[in-house]
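Below are the chains, spelled out letter by letter.
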Amino acid sequence: VQLQACGGGLVQAGGSLKLSCAASGSILSVNTMSWYRQAPGKQRELVAVILAGGGTNYEDSVQGRFTISRDTAKNTVYLQMNSLKPEDTAVYYCAANIRSIGMTTNYWGQGTLVTVSS
């Protein structure tokens, strides 16, 4: 099983980006899917999470600006980021709790860099 994230890039403050992350491999089901970020010199933090049933939760600073969604058929999670601010600059990582044959465990994507210029 692997997660492949993409969609990062350079954007001006106030702009938008959409990240996507697809899970592939021997997957029976995908449970919780999440986005984390890690800014230079800071710890990795949870940005948004979406449950298997569709429930969502957001870190306070992105509430109302970011939207997490998922396509269950494609085992893909998205993060629509609007009204971006320079402080959103970070490497964004996707994570997923995945059930495969004989095990259920957490997987991480490789990270995609988002840079917001002022």
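The model shown is predicted, which means the values in this text are computed figures rather than measured ones.

Analysis parameters
- Residues numbered from 1 in each chain as written.
- Predicted model: local features only at pLDDT ≥ 70, side-chain atom pairs only at ≥ 80, totals over all residues.
- Heavy atoms only, no water.
- Disulfide = S-S within 2.5 Å.
- Helix = DSSP H or I, 4+ residues; strand = E, 2+ residues; numbered from the N terminus.
- Buried < 20%, exposed > 50% of the residue type's maximum accessible area, 1.4 Å probe, protein only.

Colleague: Could you clarify how one ought to interpret the state of the cysteines in this entry?
Modeller: Under the criterion given, the structure shown has one disulfide. The disulfide partner of C21 is C94, and the S-S distance across this bridge is 2.0 Å. Given an S-S torsion of about 55°, the disulfide between C21 and C94 has right-handed geometry. Residue C21 is located in strand β3 (residues 17-24), and its partner C94 is located in strand β9 (residues 90-100); the two are separated by 73 residues in the primary sequence. Classification of C21 by relative accessible area gives buried; the value is 1%. A relative accessible area of 0% places C94 in the buried class. Not engaged in a disulfide, the cysteine C6 finds its nearest cysteine sulfur in C21; these two sulfurs lie 8.4 Å apart.

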